[in-house]
Amino acid sequence: MAISVSKRKPTTPKKSYGHPRIFFFCQNLCFIFGKSILYRFLLTISLFFVLYLWLSSTFIISSRKLNDPSVVLKKYGEIISQKNDTFVRAIVSGEDRKRYGVTTKSVLDHKAKNESEEEQYKYIKPKSEGEGYALRAVIKYIHVQRSWLSTRKKGENPGSCEGKGIYVYDLPSKFNRDLLVDCIDMVPWTNMCKFFKNEGFGESIENLGRGWFRTHQYALEPIFHSRVLKHPCRVYNETQATIFYVPFYGGFDVLRWHFKNNVSDVMKDRLGIEVLKWLESKESWKRNAGKDHVFVLGKISWDFRRSKLPWGSRFLELQGMKNPTKLLIERHPWEVNDIAIPHPTYFHPKTDNDIASWQVKMMNKPRRNVVSFAGGARPGNPHSIRSTLIEQCTTLADQCRFLNCSNGSCDKPENVIELFQDSEFCLQPSGDSPTRKSVFDSLISGCIPVIFNPYTAYYQYAWHLPEDHRKYSVYINQEDVIKGKRVNVVEKLMAKTLSEKEEMRSYIIHQLLPGLVYGDSNAKFQRFRDAFDITFDSLLEKINRLV
């Protein structure tokens, strides 16, 4: 898909005047109905409803503050642990019992049928009953998503397109292409226009070889759009479609307002409301209430669930957005229709040989560093372990190499990829949000990621990463690094045996790597399935079950 770019300046948005506080309403109810038993009963019901709304909107922390998702779990747990069992069940399961076959009993069961309590809580130990409910809901939803994973094997002939038609809406350009027009000043410190070249892959990186590009971490929307337009199962008749793809560049709609002052909430939400209104007028949407519709959003879910802070939009909080499938680089842990798919890496192969050649190179690459970390400190975040990791790494500099992203060293993809190629283990602490593009850059470089927070990967990528994290990563609880045990991460990784490292690296390179990259839009893979193929096949599985 060709993308044209011009230099049109944005118009100045009008000012908005906020929303009334929901608990002001609650206080009035307490005053009016407090004296009567009947009214107290009505008040209780109203309070439950108000709290439900609050949980759905104002409780969720902004993505810029979500440096440690256990903070969200803690807040969620504190709230629901104070409520009766009926209310907790309503919050955790809701309508999902009918939609996804997720029963209240299975969500709240303290000992799942095939999973011990120790196994359920292998990453996070809940500190209250409420946290336990919330965590089990996270685990249940990720299991539901794994049940939709396509069973088609790599190299297996996908056969005909019968029952696999994908219809691409021809949206007005204001919903996609026009959002890329103001690329010059979209982000203050860089010209984004260079990232929109080559169908969203960005400029090519000649010295890394064929298929390497300076791909932006938020480029998923145009990349996916280009691939869908050329898909062999694309249909032009709505009645032949199983999947309806909506090419709305919601991530860039959010990004264009991020760094501008005096932008009203009305302006931030306008385009999302308009695209939903446009869809709701279509018979194809009405037929299944949007359940067979798919959005690809190139940012994290929290950026579309604005709460008290002004960051982002409320697009995914709109009632009409509950049923569609949302593909994002980071999902909301308690939204089963949020599906996390890999961040775009810098590698976009075109042929099986491109992938196979890279696999051979990574298997034979000498690893001079035991450990490496590419990142920057987060001195303003008390939950971040980055400063501790940097100190440990620089103290053992003969075993660990630190690339400081705070000074711009990571702006060149070559620096990051070369570091990861030279390293056995790559540290992946949470940054501005739990997930990191760096996790996928390390995996395609054959570097074993070290995960400190299960929301970075384990509770995210149900379709692209295996349930057993030990096959491809090392998990060290972040609490053990900054509290209690005070684990020295570098020393712990140095103790890993050669056979352990070789087994994990072989699995990463041979089994995972092909499914973590987004191939060229003209790619014709026979031996492998890339990230797009896995996503498309699993979408078919999901939608065929639910519609």
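See the structure above.
Scope of this entry: the structure provided in the associated data block. Quick caveat: nothing in here was measured; it's all calculated off a predicted structure.

Each value, and the rule that gives it
- Residues numbered from 1 in each chain as written.
- Predicted model: local features only at pLDDT ≥ 70, side-chain atom pairs only at ≥ 80, totals over all residues.
- Heavy atoms only, no water.
- Disulfide = S-S within 2.5 Å.
- Helix = DSSP H or I, 4+ residues; strand = E, 2+ residues; numbered from the N terminus.
- Buried < 20%, exposed > 50% of the residue type's maximum accessible area, 1.4 Å probe, protein only.
- Phe/Tyr/Trp six-rings, centres within 6.5 Å; stacked < 30°, edge-to-face > 60°.
- Pairing = 2+ DSSP bridges.
- Core = buried A, V, L, I, M, F, W, Y, C linked by side-chain atoms within 4.5 Å.
- Contact = heavy atoms within 4.5 Å.

## A look at the state of the cysteines
Under the defined criterion, the tally for this structure stands at five disulfides. Across the disulfide from Cys161 sits Cys233; the S-S distance is 2.0 Å. As the torsion about the S-S bond is roughly -80°, the Cys161-Cys233 disulfide counts as left-handed. Of this pair, Cys161 sits in the loop between α8 (129-147) and β1 (166-168) while Cys233 sits in the loop between α9 (220-229) and β2 (234-235), and the two are 72 residues apart along the sequence. The exposure class of Cys233 is buried, given its relative accessible area of 7%. Covalent S-S linkage joins Cys426 and Cys447, the inter-sulfur distance amounting to 2.1 Å. Torsion about the S-S bond of the Cys426 and Cys447 cystine: about 115°, corresponding to right-handed handedness. Note that Cys426 is positioned in strand β9 (residues 423-428) and Cys447 in the loop between α16 (437-444) and β10 (448-451), a separation of 21 residues in sequence.

## Comments concerning the packing of aromatic side chains
Per the stated rule, a full pass over the model turns up 26 aromatic pairs. On the numbers, 5.7 Å between centres and 75° between planes, the contact of Tyr123 with Tyr459 is edge-to-face. Pair noted here: Tyr123 is in the loop between α7 (117-120) and α8 and Tyr459 is in the loop between β10 and β11 (474-475), with a separation of 336 residues, a long-range link. Using a relative accessible area of 5% as the deciding quantity, one classes Tyr123 as buried.

## Here we look at the sheet that holds strand β3 (residues 243-246)
Each strand in a sheet pairs with its neighbour through backbone hydrogen bonds, running either in the same direction (parallel) or in the opposite one (antiparallel). With parallel pairing, six strands are arranged side by side in an open sheet as β2-β1-β3-β4-β5-β6. The sheet terminates laterally at β2 and β6 (338-340), the two strands that pair on one side only. Bridge count between β1 and β3: three bridges; the pairing is parallel. By the bridge assignment for β3, Val168 is matched with Tyr245.

## Notes on the nonpolar core
As a rule of thumb, soluble globular proteins bury nonpolar side chains together. Membership of the largest hydrophobic core comes to 69 residues, with the highest contact counts inside it found for Met192, Phe248, Phe252, Phe295, Phe315 and Leu327. The element contributing the most residues to this core is helix α20 (residues 531-546), with seven residues. Not counting the four nearest positions on each side in its chain, Leu327 is found in contact with Phe224, Val294, Phe295, Val296, Leu297, Ile339, Ile341, Trp463, Thr535 and Leu539. By size, the runner-up hydrophobic cluster in this structure holds 63 residues, among which are Ala340, Val371, Phe425 and Ile482.

## Looking at the pairing of strand β5 (residues 325-330)
With six of its six residues buried, β5 lies for the most part within the structure. Pairing between β5 and β6: three bridges, direction parallel. From the neighbouring strand, Leu328 faces β6, where its bridge partner is Ala340.

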